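# Geometric and topological summary
Chain by chain, the residues:
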Amino acid sequence: MSTLTASVTPSSPHDTPRDSARDTLRVLPRTGGQERLRVLVVTESFLPAVNGVTNSVRRVLEHLAEEGHVAELVAPSGPATYCGFPVTQAFSTPLPWYPNFRLGLETRRRLRQVMLRFRPDVVHIASPATLGHQAALAAAQCGVPSVAIYQTDMVSFADRYVPGAGGRAMAALTRRIHTRVDRTLAPSTASLAQLEALDVPETYRWPRGVDAVSFHPRHRDEAWRRDLAPDGRALVGYVGRLAAEKELDLLVALHADPRLRLVVVGGGPDEERLRAVLPDAHFLGVLHGADLSRAHASLDVFVHTGRHETYCQSAQEALASGVPVVAPREGGPVDVVPDGVGGLLFTPGDASELAAHVGRLLDDPDLRRRMGRQARAAVEGRTWRAVNEALVEHYRAVVGARAAAERRSRSAV
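If you're wondering where the values come from, they're calculated on a predicted model, not measured in any experiment.

## Observations concerning the overall build of the chain
If you tally the helices and strands in the chain, you get 16 helices and 17 strands. Against the 2.2 N^0.38 benchmark of 22 Å for 413 residues, the chain shows a C-alpha radius of gyration of 23 Å, consistent with a compact globule. Taken over the C-alpha atoms alone, the chain extends approximately 80 × 40 × 40 Å along its principal axes. Counting over 413 residues, the chain shows a buried share of 55%. Here the contacts in the chain between residues at least 6 apart in sequence split such that 67% fall between residues at least 24 apart. Element-wise, carbon and sulfur atoms account for 52% of the exposed surface of the chain, whose accessible area totals about 16900 Å².

## Focus: the pairing of strand E10 (residues 183-186)
Looking down a regular strand, the side chains alternate between one sheet face and the other. Here E10 shows a buried face lined by Arg183 and Leu185 and a second buried face lined by Thr184 and Ala186. Pairing geometry for strand E9 (residues 146-149) and E10, over 3 bridges, is parallel. Paired with alanine 148 across the strands is threonine 184, a residue of E10. Here E10 runs beside strand E11 (residues 203-205); their pairing, made up of 3 bridges, is parallel. What sits directly across from threonine 184, in E11, is threonine 203. Running through helix H7 (residues 189-197), the crossover from E10 to the neighbouring parallel element E11 is right-handed.

## Looking at unusual backbone geometry
Proline 48 follows leucine 47 through a cis peptide bond whose omega is 10°. Non-glycine residue arginine 119 carries a positive phi angle of around 55°. Its location among the elements puts arginine 119 in the loop between helix H3 (108-118) and strand E8 (122-126). By relative accessible area, which is 42% here, arginine 119 ends up partly exposed.

## Side note on the packing of aromatic side chains
Counted according to the given criterion, the structure contains 1 aromatic pair. A cation over an aromatic ring shows up here: arginine 38 above the ring of phenylalanine 118, its NZ or CZ 4.4 Å from the ring centre. The ring centre of tyrosine 204 lies 4.0 Å from the NZ or CZ of arginine 183, which sits over that ring.

## Structural notes on the sheet that holds strand E16 (residues 325-328)
Reading across from one edge, E14-E13-E12-E15-E16-E17 is the order of the 6 strands in this open sheet, with parallel pairing throughout. Both edges of this open sheet fall to strand E14 (282-285) and strand E17 (343-346), since each of them pairs with a single strand only. In this sheet, neighbouring strand axes are inclined to one another by 25° on average, regardless of whether the strands run parallel or antiparallel. Sheet analysis places strand E15 (residues 301-303) next to E16, joined by 2 bridges and oriented parallel. Within E16, the position partnered with valine 303 by the bridge is valine 326. Packing against the sheet, helix H14 (residues 351-363) makes contact with strand E12 (234-239), strand E13 (260-265), E15, E16 and E17, and its axis sits at approximately 165° to E17.

## Describing the side chain of glutamate 309
For glutamate 309, the position within the fold is in the loop between E15 and helix H12 (313-320). Side chain to side chain, glutamate 309 and lysine 246 meet in a polar contact 2.5 Å long. Setting aside its immediate chain neighbours within four residues, glutamate 309 contacts Lys246, His304, Gly331, Gly332 and Pro333.

## Thoughts on the packing of H3 against helix H4 (residues 130-142)
Axis separation between H3 and H4 bottoms out at 9 Å; the angle between their running directions is 55°. In terms of orientation, H3 lies oblique with respect to H4. Our pair here, H3 against H4, has a crossing hand that is right-handed. Contacts from Arg108, Leu111, Arg112 and Met115 in H3 reach Leu131, Gln134, Ala135, Leu137, Ala138, Ala139, Gln141 and Cys142 in H4. Split into classes, the residues belonging to the contact of H3 with H4 amount to 8 nonpolar, 2 polar and 2 charged.

## Describing the packing of helix H5 (residues 154-161) against helix H6 (residues 165-178)
The N-to-C vectors of H5 and H6 enclose an angle of 155°; their axes lie 7 Å apart at closest approach. As judged from the angle between their axes, H5 and H6 are roughly antiparallel. In the crossing of H5 with H6, the sense of the turn from one axis to the other is right-handed. Across from Met154, Val155, Ala158 and Asp159 in H5, the residues of H6 making contact are Gly166, Gly167, Met170, Ala171 and Thr174. Counted by class, the contact of H5 with H6 contains 5 nonpolar, 3 polar and 1 charged residues.

## Quick notes on H14
Taking 1.5 Å per residue as the helical rise, H14 with its 13 residues ought to reach 18 Å, and the 18 Å between its terminal C-alpha atoms agrees with that figure. Turning to H14, its buried residues number three or more, namely Leu354, His357, Val358, Gly359, Leu361 and Leu362.

## So, the confidence of the model for the chain
Here the chain averages 89 in pLDDT, and 91% of its residues register 70 or above. Here residues 5-33 is a poorly scored stretch, pLDDT under 50, and it has 44 contacts once near neighbours within four places are set aside; other chains count.

## Overview of the pairing of E12
Counting buried residues along E12, 6 of its 6 residues qualify, which places the element largely inside the surrounding structure. Side chains of E12 alternate between two faces, with Ala234, Val236 and Tyr238 and Leu235, Gly237 and Val239 buried alike. Across 6 bridges, E12 lies against E13 in parallel orientation. Of the residues in E13, the one forming a bridge with leucine 235 is arginine 261.

## Points about the environment of arginine 220
Considering the arrangement of structural elements, one finds arginine 220 in the loop between E11 and helix H8 (222-228). In this structure the C-alpha to C-alpha distance between arginine 220 and alanine 135, which are 85 residues apart in sequence, comes to 43 Å. For arginine 220, the residues in contact, after removing those within four places along its chain, are Arg225, Ala297, Ser298, Leu299 and Asp300. At 3.1 Å, the side chain of arginine 220 forms a polar contact with the side chain of glutamate 222.

What counts, and at which threshold
Just so you know, the residues in each chain are numbered from 1, in the order the chain's sequence is written. Reporting of local features is limited, given that this is a predicted model, to residues whose pLDDT is at least 70; pairs of side-chain atoms are given and counted only at 80 or more, and all residues count toward the totals for whole chains, interfaces and linings. Working from all heavy atoms in the structure, the side-chain values ignore hydrogens and water. Only DSSP runs of H or I with at least four residues qualify as helices, and only runs of E with at least two residues qualify as strands; both kinds are numbered from the N terminus onward. Radius of gyration means the value over C-alpha atoms here, while the globule rule gives 2.2 Å times the residue count to the 0.38 power. Buried means the residue's accessible area, taken with a 1.4 Å probe over protein chains only, is under 20% of the maximum for its type, while exposed means over 50%, and partly exposed covers the values in between. Whether two residues touch is decided by their heavy atoms; if any such pair falls within 4.5 Å, the residues are in contact. Each accessible area is a Shrake-Rupley result for a 1.4 Å probe, and residues are judged covered by the shown protein chains and nothing else. In short, DSSP must find at least two bridges between two strands for them to pair. With the strands pointing away from the viewer, any crossover whose connection runs clockwise from the first strand over the helix to the second is right-handed. To pair, rings of Phe, Tyr and Trp, with the six-membered ring standing in for Trp, must have centres within 6.5 Å; the planes then decide the type, stacked if under 30 degrees apart, edge-to-face if over 60, and tilted in the middle. Only when the NZ atom of a Lys or the CZ atom of an Arg is both within 6 Å of the ring centre and within 35 degrees of the ring normal do we say a charge sits over the ring. Axis geometry follows a simple rule: fit a line to the C-alpha atoms, using only the stretch in contact for helices, then measure angles between N-to-C directions, giving values from 0 to 180 degrees. Any N or O atom pair separated by 3.5 Å or less is treated as a polar contact, with the protein-specific requirement of one donor-capable and one acceptor-capable atom, and with residues adjacent in sequence counted only for side-chain atom pairs. Oblique is the label for every angle not falling under 35 degrees (roughly parallel), over 145 degrees (roughly antiparallel), or within 65 to 115 degrees (roughly perpendicular). Crossing handedness is read from the near helix: turned anticlockwise from the far helix by less than a right angle, it gives a left-handed crossing, and turned clockwise, a right-handed one. By the convention adopted, Pro, Cys, Tyr, Trp, Phe, Met, Ile, Leu, Val and Ala count as nonpolar, Lys, Arg, Asp and Glu as charged, and the other residues, Gly among them, as polar. To estimate the expected span of a helix, count its residues, drop one, and scale the result by 1.5 Å. Each residue carries a pLDDT score, the predictor's confidence in it, ranging from 0 to 100.

Encoded structure:
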């Protein structure tokens, strides 16, 4: 893996690095029509971290490779290449309260150097925080259009760990980042409302796709189910990070229910404590590939507890697996889960209502099976190809708008 060490050669002895970067990139030919794009992706999270940001970035890079675009990735971690695209490792440090998440600390100057060397048509900034902030500023200084993906409710995340001051600081940072990019894409109506409250302009909805082959009812495994519940009890499960903001204490309301066995898939900083409060639950750790597909499809009911999801991809994967979902009536699940059709939504934080919804599904197998079929049908059109084709059109829109603005500026001189 490379580090950010590209050199800058000013176009004249009097140019500063900042001015040289801006002037050099401004005269590059821009793509148009269906020409291939050069895309620099800057992400706050990548492999080996397992989360929604990493998964989305991987899907974007895979699509760009399949369509013949040229890309590079800047990330706090990762392999040397992904899909044939080079990965440049940014300086980073682990969060003290969440060691598995690395905070990007790369300088704007070094990001400008990468942009000078790679000469992107557009910069894609995934779930921007500290690294994304510097990338947005560097792109603006270099005259390169940028698209930011609002994917993590960092304000609520910060407020959870540093109450009051953390939320206010992150709200200010979020506003600064997203007012400096050309366009912000958010996955849900709730996320768009959050951005509107922060006075962020140029926002558009860009949802997430789902792999309807990997997540499919055919992956249900009765032998696997018997291993977890030899007495034939129903399996009710959660898949995702084990962290405080996920409000997993609500699962205590299900833990003692004799009709079910609780299954928890994932890892995170709250795992040890959750094992203590849910001693009879099956903690399966982080699963990938066929193991994750089997776990999703083998559940009877999928439960998500956190109210701060910008989308809730794991709920969408459960729906694709033909499993009804019980989730909060707030945030991303409002768009993802068809209430009363493929699942049931509960009042955020209300453990008794969550338990009542799960109990209703367990007591009525016909309802559960019908909702499972409707869950699968609800997501069959949400393909990653369609979602990423829309993303590329967003790229083209900001590239075209920037080129038109530059033409108008030149003609006015």
